[in-house]
Amino acid sequence: MTSQELFNESKKYISGGVNSPVRAFGNVGGTPFFTSSVDGARINTCDGRSLVDFVCTWGPALFGHNNPVIRSAVENAIKNGTSFGTPSPSELEMAKMINKLIPCAELVRMTNSGTEATMSCVRLARGWTKRDIIVKFSGCYHGHSDSLLVKAGSGALTFGNPDSAGIPNAIANLTIVLPFNDFNALNECFAKYGEQIAGVIVEPYPANVGLIVPREGFLQHLRNLCTLHGALLIFDEVITGFRVASGGAQARENVLPDLCALGKIIGGGLPVGAFCGKREIMEYLAPLGPVYQAGTLSGNPLAMAAGVAALKLIETTMPYNELERKSKFISNAVVEASKEKGIALQAPMVASLMSFFFNEERVDNLEIAMKSSKELYKKFFFGCLERGVYIAPSPFEILFMSSAHTQDDLDFSADAMCKAIKSL
């Protein structure tokens, strides 16, 4: 069956035809392609095409698809069973590695997804501080739990509004949404609500509205305010953890959060999440403390085997300089092509994360990001896809680099992407 036929059939049995909204290509239009297999830096579609992939299963494929080391680890683990429901040695090994690599990780708790991890961080922050208010930033996505799927209110210091049907106003009203990179809004928020704020959750490099780079000193200022007012600082490093440095964004920025949510790479491509942080706070979790959190498949032995293999590859290869070189190669090529074409383009990049905004301004927050041309990005997306390169099917998502991208892949992709720019 072709992708079109598969999509038509899927819509009969799966809500919207997809199991995660961005896969529907709603932000660019058209029919999503269906994948038959993946390998290295390539996706093979059910239409018989081979595409160079810069989505990398939305981040986990740091070492490319179907990595033989990770695959072998899963093959060995599956011989012992698919799920135990008891503690296992692989959970301990994973916790030790996270503890070793992530600066704030004194204790770790595994979950099944990034959404579970961020949700648990918020619950723990509220339980620990005995306060209710959570602060987040416009454009930062922290999964689809009720407290965090909240958009900005009508003013900088108003409480948030539900960003989805099914979220009660009473829950949204416990979340304040601020513009990212806005020092003044942050100061005003803590001046007014500081003694009521349980925690501030932030993507240190927001990567769910395209990529936004924090202004110098912004994350440290946030750390200082949380410390001053007794609120917990929560880093959502589901994307940035092990992608921008072996110690995540907190190591790269030298800013230590109280709690940190992880996911994606620590599962080696299998479903996984985790949260970690200071010992005294993490010991407030059941069974030691009063904050309840649980999961039947948390610490699943197959996910732990894949994740441990991925983290060991990080330790042995330390791929970040090479990943950054590759990202710069692609980013610079697209920027140069846009200059030649006379098209305004912003191309923020951090390590293996890239983004392209068709925008005159540096993108510092959601408001500026939303001014970017969606139509130009749509044409750019399909121009790349037609030429054999798969980038994020939304102007407000990011591109990922992997160690599996060869120089031939990069040369081919840069040529295709530049031709796509020049065809706009």
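Refer to the structure above for everything that follows.
Every chain is numbered independently, its residues counted from 1 as its sequence is written. Where local features are concerned, this predicted model is filtered to residues with pLDDT of at least 70; where side-chain atom pairs are given and counted, the filter is 80 or more; whole-chain, interface and lining totals use all residues. Note that water and hydrogens are dropped before the side-chain values are worked out from all heavy atoms of the structure.

> I'm lost on the packing of aromatic side chains in this one. Help?
Between two aromatic rings, the relevant description is the distance of the centres plus the angle of the planes. Two rings belonging to Phe, Tyr or Trp (six-membered ring only in the last case) form a pair when the distance between their centres is within 6.5 Å. Interplanar angles under 30 degrees mark stacking, angles over 60 mark edge-to-face geometry, and anything in between is tilted. Counted by the stated rule, this structure contains 12 aromatic pairs. For the pair F25 and F33, a centre-to-centre distance of 6.1 Å together with 85° between the ring planes defines the contact as edge-to-face. With a centroid separation of 5.1 Å and 65° between ring planes, the pair formed by F180 and F218 is classed as edge-to-face. With F180 in the loop between strand 8 (175-178) and helix 6 (183-193) and F218 in helix 7 (residues 218-229), the pair connects residues that are 38 residues apart, well separated along the chain. Think of it this way: any DSSP run of H or I at least four residues long counts as a helix, any run of E at least two long counts as a strand, and we number them from the N terminus.

> Quick question: what am I supposed to make of the layout of surface pockets here?
Over the atoms, a rolling probe the size of a water molecule traces out where space has been left empty. We place a 1 Å grid over just the protein atoms. Points where a 1.4 Å probe fits but has no way out form a cavity, open points with protein on both sides within 12 Å along at least 5 of 7 lines form a pocket, and any residue with an atom within 4 Å of a point lines it. Grid points are joined across faces, edges and corners, and a volume is the space filled by probe spheres set on the points. Its volume calculated, the second largest pocket comes out at about 600 Å³. Lining the second largest pocket are 29 residues, with E91, V108, R109, M110 and S298 positioned closest to its centre. Those elements giving two or more residues to the lining of the second largest pocket turn out to be helix 3 (89-101) and strand 4 (107-111). For the lining of the second largest pocket, the leading source of residues is strand 4, giving four residues. Under the scheme applied, nonpolar residues are Ala, Val, Leu, Ile, Met, Phe, Trp, Tyr, Cys and Pro; charged residues are Asp, Glu, Lys and Arg; polar residues are all the others, including Gly. Split by residue class, the lining of the second largest pocket holds 16 nonpolar, 10 polar and three charged.

> Can you help me understand the side chain of E237 in this one?
Relative to the elements of secondary structure, E237 occurs in the loop between strand 10 (232-236) and helix 8 (248-253). For E237, which is buried and forms no salt bridge, the nearest opposite charge comes from R252, at a distance of 9.7 Å. Under the rule applied, a polar contact is a pair of N or O atoms within 3.5 Å (in protein, one hydrogen donor and one hydrogen acceptor; residues adjacent in sequence only if both atoms are side-chain atoms). At 2.6 Å, the side chain of E237 forms a polar contact with the side chain of T240. The contact criterion used throughout is that any non-hydrogen atoms of two residues lie within 4.5 Å. Setting aside chain neighbours within four positions, we find E237 in contact with P204, G248, A249, Q250, C260, A261 and L262. Partly exposed describes any residue whose relative accessible area lies between the buried limit of under 20% and the exposed limit of over 50%, with all areas from a 1.4 Å probe on protein chains only and scaled to the type maximum. Within this scheme the basic residues Lys and Arg register as positive and the acidic residues Asp and Glu register as negative, but His and the chain ends are omitted. Salt bridge, as applied in this entry: a Lys or Arg side-chain nitrogen positioned within 4 Å of an Asp or Glu carboxyl oxygen.

> Got a minute to help me understand the pairing of strand 11 (residues 259-263) in this structure?
Looking along a regular strand, one sees the side chains alternate between the two faces of the sheet. Across the five residues of strand 11, five count as buried, placing the element largely inside the fold. Along strand 11, one buried face is formed by L259, A261 and G263 and the opposite face, lined by C260 and L262, is buried too. One bridge is not enough; two strands pair if DSSP finds at least two bridges between them. Relative to strand 11, strand 10 is paired through three bridges, and the arrangement is parallel. Paired with F235 across the bridge in strand 11 is C260.

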